[in-house]
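As a plain string of letters, each chain reads:
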Amino acid sequence: MKHFTLLTILIIAFSGCNLQSPGPFFGNGLHNGWVDQNSVVIWTRLTGEPEMNRAGPKFLEPDAENHRRLDKGANIDSIYMAQLPSGFSLDEMEGACPGMEGEVKLVYYPLKDPETRIESGWTPVDAQKNFTYQWKLTGLTPGTKYVVEIESKKPGKSKISDKITGSFRTPPDAGVVTDLNFCIVTCHDYPRRDDSINGHKIYSIMQQMFPDFLVHTGDVEYYDKAGPFALTEELMRFKWDRIFALPYQRDFYRQVTTYFMKDDHDVLRDDAYPGMRYGTVSWERGLEIFDKEQFPSNDLPYKTIRWGKDLQIWLMEGRNYRSKNTDQDGPDKTIWGKEQKEWLYNTLLKSDATFKLIITPGPILGPDRENKKDNYSNKVFAYEGNEIREYLKQFDNVFICNGDRHWQYVTNIPGTTLWEFSCGAGSDVHAGGWDQNDLRPEHRFLRVKGGFLKGSLYHSDEKVNLKFQHFDVDGNVVHEELFSKDHLN
Ligand SMILES: [Fe+2]
């Protein structure tokens with residue numbers, strides 16, 4: 001009896017250990033970013049639980065007047081009191097995925113050559129940066145699919161608490177002729193997901209297309225939307241932790257080569273510009289949290305990447321260098337900044353890629369609504385907008401792809417080679433902002449619904465083809481445009 005009791009106690013104690021969260025886990029998976037022929041940045045975060053909290057209460061939603069008051073007052077206690085039901089902490093809220101101290105280790109190798117695996121040492125995640133950690137991997141081989149394995153453990157312990165596997169692909173060199181496909185998305189948030197358990201349907205659809213890469217053009221989340229209004233750094237992080245714990249998002253980003261860009265709502269608020277604050281968060285901190293903490297980091301927030309002989313992409317940064325939207329328009333007013341603009345002009349001219357893609361958070365051609373004051377298609381940035389449009393007219397192989405606008409469109413300015421493809425919001429409930437009946441002469445396509453943009457580069461006979469297809473959120477093609485060039489050897 002005595003033995004039995006002891007055994008029972010041991011079994012209970014043992015299973016109790018297993019039931020208790022051993023952590024830390026990879027509740028946000030892993031992300032990659034800034035991939036080029038030879039390097040990539042891998043990002044991860046340690047969490048106390050493997051999944052987000054599905055059971056907690058929902059946030060209280062202050063009305064517009066109260067939101068304004070909380071923003072202006074910038075008082076942390078008031079911000080929490082107005083949004084957290086009494087008696088609950090942030091970690092107990094529905095969607096919470098709190099971070100946890102711990103150490104991480106990474107192994108990577110080419111899919112076809114696992115023998116050449118390279119292993120990092122154990123490193124603690126940075127509790128000051130939301131329990132995240134980033135590795136920059138260099139010396140990679142172009143045109144190669146890599147496998148990444150990461151493991152976690154408690155600080156100073158040896159037992160592995162979690163392990164996940166991911167992958168990314170390096171772009172082929174400039175001389176390589178190859179078919180490719182890629183996807184471009186924008187504008188989604190947790191409240192407006194179209195699968196309440198899994199996230200946004202577009203991710204599961206895009207994943208089945210095995211894109212060589214994805215570009216997210218920003219507005220990945222919305223700090224300034226209720227549930228909660230992210231008026232503190234802690235609330236901002238809460239929103240990142242929650243959206244990247246969604247199964248569709250987590251599964252997709254773990255496995256697909258990605259370029260993350262940011263827009264206004266990822267920095268502070270709608271149409272954000274230097275000098276602004278949102279609640280307790282400054283403009284500078286808003287940039288830093290995105291650029292240096294929550295997403296894979298690069299020295300510069302813009303980059304061009306060659307994807308084989310026939311494609312080169314330019315990822316344009318639209319927030320860091322901009323003037324205030326309220327400044328007088330003229331030669332000194334800018335969105336891209338002088339340096340970035342010159343870099344774009346020079347590298348576009350230098351590139352011998354068959355097709356060149358300028359990928360930008362905000363539109364350059366539009367059309368956009370008359371009252372907007374944030375992008376190159378708006379009157380308040382007409383000076384620089386016109387300069388860029390004039391410059392781009394010399395090319396017949398440059399295409400603009402943009403996010404930001406919550407509707408899908410294709411614009412071709414009549415009589416020019418200027419084309420712009422707006423990928424549209426990430427769910428139907430997020431779409432809006434334009435009247436479906438307001439079709440302008442420059443519109444080749446207009447659809448005020450959610451979805452994504454897919455590009456396919458393929459070779460046929462003597463031609464190189466670039467096909468742009470707009471998809472709805474269920475994976476149906478709703479429009480396509482095809483461009484072909486002679487294959488120049
Ligand atoms: Fe947006």
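You'll find the structure just up there.
Keep in mind that what you see is a predicted model, and the values were worked out from it rather than measured. (Residues numbered from 1 in each chain as written. Predicted model: local features only at pLDDT ≥ 70, side-chain atom pairs only at ≥ 80, totals over all residues. Heavy atoms only, no water.)

J.: Can you walk me through the side chain of His 216 in this structure?
T.: Relative to the elements of secondary structure, His 216 occurs in strand β10 (residues 213-216). Overall, His 216 belongs to the buried group, its relative accessible area being 0%. Side chain to side chain, His 216 and His 188 meet in a polar contact 3.0 Å long. Setting aside chain neighbours within four positions, we find His 216 in contact with Val 185, Thr 186, Cys 187, His 188, Tyr 203, Tyr 253, Tyr 259, Phe 260 and Met 261. (Helix = DSSP H or I, 4+ residues; strand = E, 2+ residues; numbered from the N terminus. Buried < 20%, exposed > 50% of the residue type's maximum accessible area, 1.4 Å probe, protein only. Polar contact = N/O pair within 3.5 Å; in protein donor to acceptor, adjacent residues only side chain to side chain. Contact = heavy atoms within 4.5 Å.)

J.: In this structure, what is going on with the coordination of the iron ion? I would like to understand it.
T.: Ideal geometry at a metal centre gives angles of 109.5 degrees when four donors are arranged tetrahedrally and 90 or 180 degrees when six donors are arranged octahedrally. The coordination sphere of the iron ion, as far as protein atoms go, consists of Cys 187 (SG), Asp 219 (OD), Tyr 222 (OH) and His 406 (NE2), spread over 2.0 to 2.5 Å. Its four donor atoms give the iron ion angles of 86 to 170° at the centre, a pattern that matches the irregular case. Expressed as a motif, the donor residue spacing for the iron ion is C-x31-D-x2-Y-x183-H. Taken as a pair, Asp 219 in the loop between β10 and α5 (233-243) and His 406 in the loop between β17 (398-402) and β18 (408-412) lie far apart in primary sequence, 187 residues in all. (Donors = N, O, S within 2.8 Å, 3.2 Å for Na, K, Ca; no water. Tetrahedral: all angles 85-135°; square planar, octahedral: opposite > 155°, others 65-115°.)

J.: What should I look at first to understand the sheet that holds β10 in this one?
T.: Sheet strands pair by backbone hydrogen bonding; their relative direction is either parallel or antiparallel. Read from one edge of the open sheet, six strands run β11-β10-β9-β21-β22-β23, paired in mixed fashion. Strands at the two margins of the open sheet, each flanked by one partner only, are β11 (258-260) and β23 (477-486). Put simply, the sheet's adjacent strands are angled 15° from each other on average, direction ignored. The pairing of strand β22 (residues 463-471) with β23 spans nine bridges and is antiparallel. Looking at β23, one finds that Val 464 is bridged to Lys 485. (Pairing = 2+ DSSP bridges. Axes fitted to C-alpha atoms, helices over the stretch in contact; angles between N-to-C directions.)

J.: What exactly am I supposed to notice about unusual backbone geometry here?
T.: The phi angle of most residues is negative, glycine excepted, and most peptide bonds adopt the trans form. Of note, the amide linkage connecting Gly 23 to Pro 24 takes the cis form, showing an omega dihedral of -5°. Take Pro 24: it is sitting in the loop between α1 (2-19) and β1 (30-33). In the segment running from Gly 366 into Pro 367, the intervening peptide bond is cis, with an omega of 5°. With respect to the secondary-structure elements, Pro 367 resides in the loop between β16 (355-360) and α10 (382-392). In this structure, Ala 74 is a non-glycine residue whose phi angle is positive, near 50°. With respect to the helices, strands and loops of the structure, Ala 74 is situated in the loop between α2 (64-73) and α3 (76-81). We classify Ala 74 as partly exposed; its relative accessible area is 30%. Although it is not a glycine, Asp 461 adopts a positive phi angle of roughly 45°. Tracing the sequence through the fold places Asp 461 in the loop between β21 (452-460) and β22.

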